[in-house]
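Chain by chain, the residues:
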Amino acid sequence: MAECGRKALSLLEAARSRYESLQISDDVFGESGDDSSDNPFYSTSGDSDSDNYIAEVGEEDQHHHHHQKRGGKESCGQRGGAGGGGSGRIGAGPPGSLSRSQAEEEGWTETLQDVTVPPFKETYGPAQKMPVTATALDFFQLFVPDNCIQNMVTQTNMYAKKFQERFGSDEGWRPVTAQEMKAFLGFVTSTSVHRCESVLSIWSSGFFSNRSIALKMSQARFEKILKYFHIVAFRPSQGSNQGLYKIQPFLDSLQQSFSYTFRPSQTQVLHEPLIDEDPVFITTCTERELRKRKKRKFSLWVRQCTSTGFICQISVHLKEGTDALATLKNKPQLHSLVAKQLCQNISGKNSIIFTGPSITSLSLFTEFSKQDIYCCGLLSTRKSDCTGLPQNMLVCGSTPAQRGQSRVMMKGSMSLISWYNKGHFRFLTNGYSPTKQGIIIKRKSGEIPCPLAVEAFAAHLSYICKYDDKYSKYFIFHKPNKTWQQVFWLSISIAINNAYILYKMSDAYTVKRYSRAQFGERLVRELLDLDDCSPTQ
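Residues numbered from 1 in each chain as written. Predicted model: local features only at pLDDT ≥ 70, side-chain atom pairs only at ≥ 80, totals over all residues. Heavy atoms only, no water.

### Describing the sheet that holds strand S9 (residues 414-420)
To keep things clear, this is the line we draw: Should DSSP find at least two bridges between two strands, the strands are regarded as paired. Only runs of H or I of at least four residues qualify as helices and only runs of E of at least two qualify as strands under DSSP, and these elements are numbered from the N terminus. A fitted line through C-alpha atoms serves as each axis, taken over the contacting stretch for helices, and the angle formed by two N-to-C directions is quoted from 0 to 180°.
Read from one edge of the open sheet, eight strands run S5-S4-S3-S6-S7-S10-S9-S8, paired in mixed fashion. Two strands close off the open sheet at either side, each with one partner strand: strand S5 (311-318) and strand S8 (406-411). Each strand of the sheet is rotated relative to its neighbour by a mean of 15 degrees, with strand direction disregarded. By the bridge criterion, seven bridges tie strand S4 (residues 298-305) to S5 in an arrangement that is antiparallel.

### Regarding the side chain of Gln486
Stated formally: The buried label applies to any residue whose accessible area, calculated with a 1.4 Å probe on protein chains only, is under 20% of its type's maximum; exposed applies above 50%, and partly exposed to all values in between. By the criterion applied in these results, polar contacts are pairs of N or O atoms within 3.5 Å in which, for protein atoms, one can donate a hydrogen and the other can accept it, and in which residues neighboring in sequence qualify only through two side-chain atoms. In what follows, a contact means two residues having at least one pair of non-hydrogen atoms within 4.5 Å.
Among the structural elements, Gln486 can be located in helix H17 (residues 483-504). A relative accessible area of 17% places Gln486 in the buried class. Only 3.4 Å separates the side chain of Gln486 from the backbone oxygen of Asn481, close enough to count as a polar contact. Other than its neighbours up to four places away in sequence, Gln486 contacts Arg296, Phe298, Pro480 and Asn481.

### With respect to the packing of helix H6 (residues 146-167) against helix H7 (residues 178-194)
As a reminder of what qualifies: Any angle that falls under 35 degrees is termed roughly parallel, while one over 145 is termed roughly antiparallel, one within 65 to 115 roughly perpendicular, and all others oblique. All amino acids are sorted into three groups, where Ala, Val, Leu, Ile, Met, Phe, Trp, Tyr, Cys and Pro are nonpolar, Asp, Glu, Lys and Arg are charged, and the leftover types, Gly among them, are polar.
Contact pair H6 / H7: the axes reach a minimum separation of 9 Å and the direction vectors enclose 100 degrees. By the criterion of interaxial angle, the relationship of H6 to H7 is roughly perpendicular. Within the contact between the two elements, H6 uses Asp146, Ile149, Gln150, Met152, Val153 and Thr156 and H7 uses Ala178, Met181, Lys182 and Leu185. Across the contact of H6 with H7, the residue classes break down as six nonpolar, two polar and two charged.

### As for the pattern of salt bridges
The condition that has to hold: A side-chain nitrogen of Lys or Arg and a carboxyl oxygen of Asp or Glu constitute a salt bridge if their distance falls within 4 Å.
For the structure shown, the criterion picks out ten salt bridges. Ionic pairing is found between Lys129 and Asp507, a salt bridge with its closest N-O pair at 2.6 Å. With a gap of 378 residues between them, Lys129 in the loop between strand S1 (125-126) and helix H5 (136-140) and Asp507 in the loop between H17 and helix H18 (508-511) connect regions that are remote in the sequence. By relative accessible area, Lys129 is classed as exposed at 69%.

### Quick word on the environment of Ser491
Checked against the element boundaries, Ser491 lands in helix H17. Judged by its relative accessible area of 1%, Ser491 falls in the buried class. Placed 177 residues apart in sequence, Ser491 and Ile314 show a C-alpha to C-alpha distance of 8.7 Å.

Right under this line is the structure:
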């Protein structure tokens, strides 16, 4: 018994050592759980969400339960598990898949060979060293500098002038200043700290009132700035990006600042982060209030560093019509275009990209491999483009599979893996050798053998899922009706989270170890230029 325990422990430590690059772990926001020192995938907690991440969602009833638990929003785990598990029946394969003879002609074989990914060509982490005295505002202004705020001032005043020329003068309006614009950003950002859905509650006498910051600006003045606030006052004559023209210059500036301030690790993930309303408000809303909520008219995809959670690049796409989101999700080729856009700056660096079912495809991975971008993606016969893949690997056989059993076929350096764990999970990868084995150690089930690609996918994606779970707590809760403003405040939320990651990786964190909530409160007070900038304890 003791020998078995030592063996399991050594296997666990060996597995964890393969993911030492996950530096911040789930302590990224300074709110450690019982398993904060471990990679989330190897959690020993009995009620851990990651315990059900990829190993337990193969059955339909379990997926339905988890889907309800998350308020109807697909999490990383659902996109990873439900897309691959339980799909594929005996019979014809998905459209574009190859018969056995066609697969042999195309070069697919069950003879496996070792695959080696060239060394990563960069060191990851902050691109510049911040002083030990750096404040929360200093980190935030790496992404939203003074010249960006000054542009908001100029455009807001221009819009107010043009608006009043057309609709009549506004006696209560005076041109906004840079100091007022910073305070305006601070007031709206405070909704992410105090989790208040209406920023105007700051000046109320209710539960979310905040007398300490309300004195900095009157409610009437705030509402005037809110009325005229703009990033781009007028539609440009050329090159406008339709509905995004009012926010596109800011998004472009933000993308550049993300690239200049941080170098991501070798492993990154392409996915949609959680951007729905916080579940606490969903559960307390009446049915009538829920009907009145306007659905988002855009979708947001990100490329995210799996070692730290830093979002390296964002891609925003407007929806067209009420059924456009469903149409987009049924067209993997559109998601392929999103993936190409998100990865255009990492060619030639030997990065490894993890993808969900809607992006994973042989044609995309082959194109990426020519750019020295390696991939590992989950496949779904319902959501993925299965063109060029062997049919016999995509349908369930007549013989019941055993837990941990896997089959692999190769074409060149590309491996197609079918792995069974309470459901069939299929992976396409050229980033991990099919000859190397990994292991998943679960508290209840013990050791589950798997190909190394499966272990890596689960470990990195579950980390991002835990990041998203905590990230969603710190969204700016102010919810404007205009789409460009929704995108703007979401982008500010991403910038603040990235700023905190840089802060936590800097020397400034060794002086004052602020949690994410404290960092947000400190930033609000610095934007408002309050004398006492220390967070409330």
